[in-house]
Protein chains: 4
Amino acid sequence: MAERGRRGRPRSAEADAAIVAAATELLLRHGYGGLSMEEVAERAAVAKTTLYRRWPTKDHLAVAVVARLQEDDEITDTGDIRKDLTDYMEKVAGGLNRMRAAGRRPGEDSTSAGTVAELVAASGRHDDIAELRGRLYARRNALARELIERARRRGDLRADLDSEVLLDQLAGALYYRVLITGTPVDRAYAERLVAAALDGAL
Amino acid sequence: MAERGRRGRPRSAEADAAIVAAATELLLRHGYGGLSMEEVAERAAVAKTTLYRRWPTKDHLAVAVVARLQEDDEITDTGDIRKDLTDYMEKVAGGLNRMRAAGRRPGEDSTSAGTVAELVAASGRHDDIAELRGRLYARRNALARELIERARRRGDLRADLDSEVLLDQLAGALYYRVLITGTPVDRAYAERLVAAALDGAL
Amino acid sequence: MAERGRRGRPRSAEADAAIVAAATELLLRHGYGGLSMEEVAERAAVAKTTLYRRWPTKDHLAVAVVARLQEDDEITDTGDIRKDLTDYMEKVAGGLNRMRAAGRRPGEDSTSAGTVAELVAASGRHDDIAELRGRLYARRNALARELIERARRRGDLRADLDSEVLLDQLAGALYYRVLITGTPVDRAYAERLVAAALDGAL
Amino acid sequence: MAERGRRGRPRSAEADAAIVAAATELLLRHGYGGLSMEEVAERAAVAKTTLYRRWPTKDHLAVAVVARLQEDDEITDTGDIRKDLTDYMEKVAGGLNRMRAAGRRPGEDSTSAGTVAELVAASGRHDDIAELRGRLYARRNALARELIERARRRGDLRADLDSEVLLDQLAGALYYRVLITGTPVDRAYAERLVAAALDGAL
DNA sequence: CAGTAAACGAGACGGTACGTCTTGTCTTCGG
DNA sequence: CCGAAGACAAGACGTACCGTCTCGTTTACTG
């Protein structure tokens, strides 16, 4: 089965890299509002057409940049479910906190993470972005649920556990604090969170 | 220092009402992007000056509109903490679901709530909005925490309960589903959620 | 009948002047291709919106500029029809020659008048410009025809003269040389032209 | 010195034909602005490279297309100078009128001939086109002048006739009407024109 | 018949201007 | 002083085309 030779000039990998680099820089430094296609093109020494050939919209570019930034929060399974969940929560929190700093003058305590919200908002403006985000979180959550399932099968968690809700509670608490209440999220919080979820309130 | 009676023509209450009405209509119908100051002014038969005299920014107007829409999620205390929390969760979910529909053509299943995210994003753009939102959620959460505290004092919840985390878990799960994963949130889910939080995973 | 006071802020006369000045400069210096809305706006220290509020298109602006430049080729009637026609031809030729220089580096012998052609082309792209140009030339020719008619009534021209054709021959020859063949047009040529037209070829 | 046989693959005659056909179609149907290299390439099922290998510029292609369209306005010499000139004028007018229709929706009375002007404008943008056009009109006019000279030698025209001006008057009038005033040009007009030029105005 | 030179299809690329849009301010007149 | 009307500055957006380039492929002539 002969490899069907590609037609036409191939896309430039340099351009790709330069664009993403410039966009990342702008996004982290000046936030979503400070990310302009015009300036990305200029900084990447690339024509605007080259941007739009790859990403049909500023929103798409921004989402791609952030997706790359948060690419891999790997999940490790040590057999200690309490520790594994706490580690995972810390990784997720880390990703969020990195975005939290975006567009803030250093020292300024960013009470919320406008940039994260802007990206969620982008989902609302483009169905394809929404879909992409959906698949992304589905995959991510699937991995975490496997971790939980293994622990349950080992007998470390209740047999009738609602793993979907458990994940919502855990990840949700982080996003809620970062996006909505603007309260801090760190290792200590991750521990309290996992403890509360595992032990219950009764 | 004598009371310095207001000079000049007083602000028109009709204008206020017309503006908020028009803005609400646009926001719910066409989403945040479809809310333009120009069009609000036209529909309210009001000059743009009049808008900006009252709200310094489109973001401020939008936030004000939404704040009005979600004004009152009252908390009731029947003594049955499981039921009370479930009711409260359902109210919060209701508010979110109402925003979820914004800007969607009827029938279209809105996987996420772009408009909610836009408003969170607005917080990231204006410190005063962030502050306002902070105070709003602080008050709201304070009420919910009182409910929990009363239950604990009655002995219905663990003595060493981390009530801050409990609320994060509950509200967070809702926001997470609405904003991030785009999964549905209804009475049934509220029940599962409260059950999981109260009973724990172990 | 009371003058109905204009509503809203009136258009800025300074902006008008600055725009036309900048556009004229660019058009004459760099030709039609060198006239860019972007640069006109910058040079006039004016927003692009201000340009487009006045002229819906680059073509419209360019035409307006040129119309202003050629505004008044007055016709004088001394009673000597040969002299009057020659003078008029010279004036028309002057206007054309001024456009001929547009966009040419000094010293460069412009064989044709691209800019004039660009403006005629603009008529082909916008019906309203075509109409405007039609009215302009109608008025211009009407004045010239009056001159001719007076001469005929005096008995200085044939009684059965076709004055429409006479004008076409005269003005046409000038435009033909400037636009098509690229041959020069000056006072001497104007004299030959009028002589030939009045005396006939037989 | 032996004929140094061409190296490499010869140019495709099919491509040539397809390109010119597509370009002609587009130019006549949608005018100069509607003639885009991109679309010519697509319609001719040819790569853009193939276009630019033959014509360095869109302007060059357009000019070539039109040159082909107006290739031959042959001049016939019957000995009756009035008739011969009228016939020639009619042929020239025919060519212009064909261009006049370009880019017009059928039925729409094209007051002017934007496409002709666009081509003249193209001369202003490329010296080689200007030169080409110069040579073209020189040859054309030379033939017409020979016709006139023969008539003069026969004694059918004044001995001191200015044949250059005579031609400017005749052709100029046609172009002037088509390009500038937008008035119609037909056989009847050609007759009036030749009559006026031959008989004079005095 | 193998080698090579050029044409060719496909499509990415840099560049540039266009015309549109929206925000928030400013200026005028009138109540 | 408020309001209505609308002009204004600023600046990004996404589109369109041009003419150039870089691939891989095809078609001739040539040694």
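Here goes a summary of the coordinates provided. Here the structure is a predicted model, which is why all the values come from computation and not from measurement.

A few words on the arrangement of the chains. The two partners chain B and chain C share no contact, and the minimum distance between any of their C-alpha atoms is 11 Å. Separated in space, chain B and chain D share no contact, their closest pair of C-alpha atoms being 34 Å apart.

Here the focus is the relation of the copies chain C and chain D. Mapping chain C onto chain D leaves a residual RMSD of 0.3 Å; the transformation is a rotation of 179° accompanied by 0.0 Å of translation along its axis. When the rotation and shift are considered jointly, the pair of chain copies conforms to a two-fold rotation axis. For chain C, the residue whose C-alpha comes nearest the rotation axis is G200 of chain C, separated from it by 1.5 Å.

In this complex, chain C contributes 45 residues to the contact, which on the side of chain D involves 47 residues. When residues of chain C are sorted by the area they lose upon contact with chain D, Y176, I180 and L202 of chain C head the list and together hold 16% of the total. At the junction of chain C with chain D, the criterion picks out 10 salt bridges. Here chain C and chain D share 18 residue pairs in polar contact (both at pLDDT 80 or more) between them. Mapped by element, the contributors of at least two residues to the side of chain C that touches chain D are α6 (114–125), α7 (127–153), α8 (163–181) and α9 (187–199) of chain C. Per element, the largest residue contribution to the side of chain C that touches chain D is 13 residues, and it comes from α8 of chain C. Classifying every residue of the side of chain C that touches chain D gives 21 nonpolar, 9 polar and 15 charged.

So, about the relation of the copies chain B and chain A. The operation linking the two copies of the chain is a rotation about an axis combined with a translation along the axis. Each copy of the sequence occupies a distinct position, and chain B is placed on chain A by a rotation of 179° and an axial shift of 0.0 Å, giving an RMSD of 0.3 Å. Comparing interface residues between copies, 96% of those in chain B also sit at the interface in chain A, which points to an isologous, same-surface contact.

In this section: the side chain of R177 of chain C. Relative to the helices and strands, R177 of chain C is located in helix α8. Here R177 of chain C falls in the buried class, since its relative accessible area comes to 4%. At 3.0 Å, the side chain of R177 of chain C and the backbone oxygen of P184 of chain C are in polar contact. Contacts of R177 of chain C, omitting those with residues within four sequence positions, involve R100, G182, T183, P184, V185 and Y189 of chain C together with E164 and D168 of chain D.

This part covers the packing of helix α4 (residues 58–69) of chain C against α6 of chain C. When two helices pack together, you describe them by how their axes are tilted relative to each other and by the distance separating the axes. All names here are of chain C. Running from N to C, α4 and α6 cross one another at 130°; their axes reach a closest spacing of 10 Å. The pairing of α4 with α6 is recorded here as oblique in orientation. Every pair of crossing elements has a handedness; the one defined by α4 and α6 is left-handed. The segment α4 lies against α6, with D59, A62, V63 and V66 engaging L119, A122 and R125. Here the contact of α4 with α6 is composed, by residue class, of 5 nonpolar, no polar and 2 charged.

Parameters and conventions
- Numbering of residues starts from 1 in each chain and follows the order in which that chain's sequence is written.
- Whichever chain is written first becomes A and whichever ligand is written first becomes 1, with later ones labelled in order.
- Local features in a predicted model are, by the rule used here, given only for residues with pLDDT of at least 70; side-chain atom pairs are given and counted only at 80 or more, and totals for whole chains, interfaces and linings are based on all residues.
- The basis for every side-chain value is the complete set of heavy atoms in the structure, and neither hydrogens nor water enter the calculation.
- Here, residues are in contact when the closest pair of their heavy atoms is within 4.5 Å.
- The least-squares superposition of copies is restricted to C-alpha atoms, and to residues with a pLDDT of at least 70 in both copies.
- When two components associate, each loses some accessible surface as probed by a 1.4 Å sphere; the sum of these losses over both components is called the buried area.
- Salt bridge, as used here, is a side-chain nitrogen of Lys or Arg placed within 4 Å of a carboxyl oxygen of Asp or Glu.
- Within 3.5 Å is the distance limit for a polar contact, defined as a pair of N or O atoms, with the added protein rule that one can donate a hydrogen and the other accept it, and that residues adjacent in sequence qualify only through two side-chain atoms.
- Only DSSP runs of H or I reaching four residues or more are called helices, and only runs of E reaching two or more are called strands; each is numbered from the N terminus.
- Think of it as three bins: nonpolar holds Ala, Val, Leu, Ile, Met, Phe, Trp, Tyr, Cys and Pro, charged holds Asp, Glu, Lys and Arg, and polar takes everything else, Gly as well.
- Relative accessibility thresholds used throughout: buried, under 20% of the residue-type maximum; exposed, over 50%; partly exposed, between the two (1.4 Å probe, protein chains only).
- Only the stretch in contact is used when fitting a helix axis, every axis being a line fitted to C-alpha atoms; angles between N-to-C directions are given from 0 to 180 degrees.
- In this scheme, roughly parallel covers angles under 35 degrees and roughly antiparallel covers those over 145, while 65 to 115 is roughly perpendicular and the rest are oblique.
- Handedness of a helix crossing follows the sense of rotation of the near helix relative to the far helix, less than a right angle counterclockwise being left-handed and clockwise being right-handed.

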